Amino acid sequence: MRRFLFVLICLFTVLFVSVQVQADELEDINKQLQDLNNALESSKKATANNEQELNKLNAQLEGIKVQVDQIETDIAEKETEITEGEKLLSKQKLLLDGRVVSFYKNKGKEKDSLLQILMSDNLTLFLQQFTYQQSLLDDDRRNIIRIALMVKEIEDKKDILVDEKTRLTPIKNQIDKQSAFLAGEVNSAKSYQGELNQKIAALSAKQQEIVNSRSGSFTATIGDSNEADDYNASIAGFRANAPAGYFAVFSFGAHTHRKGMSQYGAYGRAMDGQNFRQILQKYYGKEPASKDTNGNIKVAGHGEIDFETTYLYGIAEMPSSWHPEALKAQAVAARSYAYRYKVQGTEICTTEACQVFNKGKSDNVPDSWRQAVNDTKGLVLEDVTTFYSSTTGGYLTTSGWDTTDNGGGANFIDKSYEKKAGSPWLYKAWYTQGYSISSDKCGRANPWLSPEEMADIVNTAVALSNNISGLDTGRITPVTTSCWGGNPYSMEELRNLTAGAGGISAATSVSVSLGDGTTSSVTINGKTFSGADFKKAFNVRAPGYMSIPQYQFAFFNIERK
């Protein structure tokens, strides 16, 4: 007894220390994360200020550059003017030389003018000649002065031009230096922010790991062998062919309500040796009871037909090649679902909204399906609506984990009966309009998302969860208007609108936390969203027909190459 108590105390000590270590580690991570977030916010504010200053400076610089351009234009015009002036001046100098000679000759004749007047026989003629000579002399004097002033003006313009060029050069150099400096500061700050984001993402991933270990959540590990019906939509195709850094959102299960029976799960259980009663007990928690099922049922478009040998023969919900015990479980579920319509005398539809009835199959019923219906004739599950769907992703809301050990955990996919049965929709990225891989893809060749496209989904989640000034939520629709129409925000517009609320430009990391059949949270670049909020953002904004095709729940994973 004493030894047992000692072992118990040691075990309790180990558990206590383990939990205490995790608590201390989580507290330390939280502190580091807060410090990094504070540093990031401070850097963003500083960068925002620098960017504002850079924008102001650039605006001022643009104004200065306009002035500089005008000055350079003026200089060019002055240079042209000077060149033309010098050409004209060279011609004027030739005339000037002649004018100077003429001027001094005429000037020398002035001293003899009085004597000539006295000696002249024709005074009138002489006065006319004298007046003409004086006029030439005045013209020479004026031309000499004009040309001299022209020379002076050109020399002054040359001096001004040299001065303007000398002063303009350092101004242009200063403009270039100032602009380059601020741009470098902004780029440096953004580079620093990128490093902080990576550290935050790494810490968040570690934090998520600790939280998962203490809360029962987990991160799924998916093997390479799991392939969907479309290779590009499978994990194997994504890992083999997607570019590095790309993302894909994989759903656990297809279009499903996740109630009642998984048809692929029933097939997997039958392959594992379970009979139809055990399969029904798992999915519905009941044993079938015997009822009188003879008579007719009202079927839309077909009137009243025999319930057992016509209606049930025509149920086309499960391949007839499957295991007989799975077919029997399907026959009981289908009979139970339709039995209430028969008893109430109401008409049942023939689509997936009720059950898929195929008159062609009824007229040419496969032997294996006929045998399953006949072997279970009259067996009905009472007081339960026998919902079923093809693939539920390994978990049902009505019966829990559909795995070999009835549990979840990181490797639940490998343990799931749906994988054993080879469901093509157990783990798939959806990007087609319908189930068929040949249905419209809205121009997409695959369901992969670039870092910028994934960032756009994050920004959508930010936009939908924050009251952002100027945001028109009606414009948050897929950017692929070719298949959706509308006037959506571009990725750049949405990024700018959410920048102040935590929007990002490129996704670089992802961490997903899973619980019991749900995606608890998604963390991208250190920003965490609930699985429901991320699913909403994805289905509202994802390009093309990409979707998480699940009804009223979110159970998905995100892979990064």
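Residues numbered from 1 in each chain as written. Predicted model: local features only at pLDDT ≥ 70, side-chain atom pairs only at ≥ 80, totals over all residues. Heavy atoms only, no water.

Student: What's the story with the overall build of the protein chain in this structure? I'm lost.
Tutor: Secondary structure assignment for the protein chain yields 16 helices and 14 strands. Here the protein chain holds 561 residues, and 42% of them are scored as buried. Contacts in the protein chain between residues far apart in sequence, at least 24 positions, make up 75% of those at least 6 positions apart. Total accessible area on the protein chain is roughly 29,100 Å²; 52% of this is exposed by carbon and sulfur atoms. (Helix = DSSP H or I, 4+ residues; strand = E, 2+ residues; numbered from the N terminus. Buried < 20%, exposed > 50% of the residue type's maximum accessible area, 1.4 Å probe, protein only. Contact = heavy atoms within 4.5 Å. Areas by Shrake-Rupley, 256 points an atom, 1.4 Å probe, with all protein chains shown as cover.)

Student: Sorry if this is basic, but what is going on with the side chain of Lys 428 here?
Tutor: Within the secondary structure layout, Lys 428 lies in strand S10 (residues 427-428). Reaching out from Lys 428, the side chain makes a polar contact with the side chain of Asp 229 at a distance of 2.8 Å. (Polar contact = N/O pair within 3.5 Å; in protein donor to acceptor, adjacent residues only side chain to side chain.)

Student: In this structure, what is going on with the nonpolar core? I would like to understand it.
Tutor: In summary, soluble globular proteins display a tendency toward joint burial of nonpolar side chains. The biggest cluster of nonpolar side chains holds 47 residues, and the ones touching the most others in it are Met 261, Tyr 284, Ile 297, Tyr 311, Ile 348 and Trp 369. Counting residues per element, the ones that place at least two in this core are helix H5 (263-271), helix H6 (276-284), strand S4 (296-299), helix H7 (307-311), helix H8 (324-344), helix H10 (367-375) and strand S6 (379-380). No other element matches H8, which puts 11 residues into this core. Residues contacting Ile 348, with those up to four places away along its chain left out, are Ile 297, Lys 298, Val 299, Ala 300, Tyr 311, Tyr 337, Ala 338, Tyr 341, Cys 354 and Gln 355. One finds Val 249, Tyr 395, Ala 429 and Val 522 within the second-largest nonpolar core, a separate group that totals 45 residues. (Core = buried A, V, L, I, M, F, W, Y, C linked by side-chain atoms within 4.5 Å.)

Student: Sorry if this is basic, but what is going on with the state of the cysteines here?
Tutor: Under the defined criterion, the tally for this structure stands at two disulfides. Linked covalently through their sulfurs, Cys 442 and Cys 483 form a disulfide whose S-S length is 1.9 Å. Handedness here is read from the sign of the S-S torsion; for Cys 442 and Cys 483, about -85°, the answer is left-handed. Of this pair, Cys 442 sits in the loop between S10 and helix H13 (451-464) while Cys 483 sits in helix H14 (residues 481-484); the two residues are 41 residues apart in sequence, bridging distant segments of the chain. Here Cys 442 falls in the buried class, since its relative accessible area comes to 10%. Under the relative-accessibility criterion, Cys 483 is labelled partly exposed at 22%. With its disulfide-bonded cysteines labelled consecutively along the sequence, the protein chain is connected as 1-2, 3-4. (Disulfide = S-S within 2.5 Å.)

Student: In this structure, what is going on with the environment of Thr 385? I would like to understand it.
Tutor: Inspection of the secondary structure puts Thr 385 in the loop between S6 and strand S7 (388-389). With 101 residues separating them along the chain, Thr 385 and Tyr 284 place their C-alpha atoms 8.8 Å apart. Contacts of Thr 385, omitting those with residues within four sequence positions, involve Tyr 284, Tyr 337 and Arg 340.

Student: Any chance you could explain the packing of aromatic side chains here in plain terms?
Tutor: Each pair of aromatic rings is reported with the distance of its centres and the angle of its planes. Tallied over the entire structure, the rule returns 21 aromatic pairs. Ring geometry for Phe 252 and Phe 412: centres 5.1 Å apart, planes at 55°, overall tilted. Note that Phe 252 is positioned in strand S1 (residues 247-252) and Phe 412 in helix H11 (residues 412-415), a separation of 160 residues in sequence. Of the residues examined, Phe 412 reaches a relative accessible area of 0% and is grouped as buried. Among the aromatic residues, ring-to-ring pairing joins Phe 238, Phe 250, Phe 252, Tyr 395, Trp 401, Phe 412, Tyr 427, Trp 448 and Phe 555 into one connected group. In this structure, Lys 428 is placed above the aromatic ring of Trp 430, and the distance from its NZ or CZ to the ring centre is 4.0 Å. (Phe/Tyr/Trp six-rings, centres within 6.5 Å; stacked < 30°, edge-to-face > 60°. Lys NZ or Arg CZ within 6 Å of the ring centre and 35° of its normal.)

Student: In this structure, what is going on with the sheet that holds strand S12 (residues 519-524)? I would like to understand it.
Tutor: As a general point, the strands of a sheet are linked pairwise by backbone hydrogen bonds and lie either parallel or antiparallel. Strand order across the open sheet formed by three strands is S11-S12-S13, with antiparallel pairing between neighbours. Whereas interior strands pair on both sides, the edge strands pair on one side only; in this sheet they are strand S11 (510-514) and strand S13 (527-530). The average undirected angle you get between the axes of adjacent strands in this sheet is 15°. Taken together, the five bridges between S11 and S12 define a ladder with antiparallel strand orientation. Bridge assignment links Ser 511 to a residue of S12, and that residue is Thr 523. (Pairing = 2+ DSSP bridges. Axes fitted to C-alpha atoms, helices over the stretch in contact; angles between N-to-C directions.)

Student: Looking at this model, I keep getting lost on the layout of surface pockets. Mind explaining?
Tutor: Over the atoms, a rolled probe matching the size of one water molecule traces out where space is still vacant. Within this model, the second largest pocket holds a volume of roughly 620 Å³. Glu 317, Glu 352, Tyr 388, Ser 389 and Ser 390 are the residues nearest the centre of the second largest pocket, which is lined by 24 residues in total. For the lining of the second largest pocket, the secondary structure elements donating two or more residues are H5 and S7. Per-class residue counts for the lining of the second largest pocket are 14 nonpolar, eight polar and two charged. (1 Å grid on protein atoms, 1.4 Å probe; cavity = no way out; pocket = protein on both sides within 12 Å on 5 of 7 lines; lining within 4 Å. Points joined across faces, edges and corners; volume = space filled by probe spheres on them. Nonpolar A, V, L, I, M, F, W, Y, C, P; charged D, E, K, R; others polar.)

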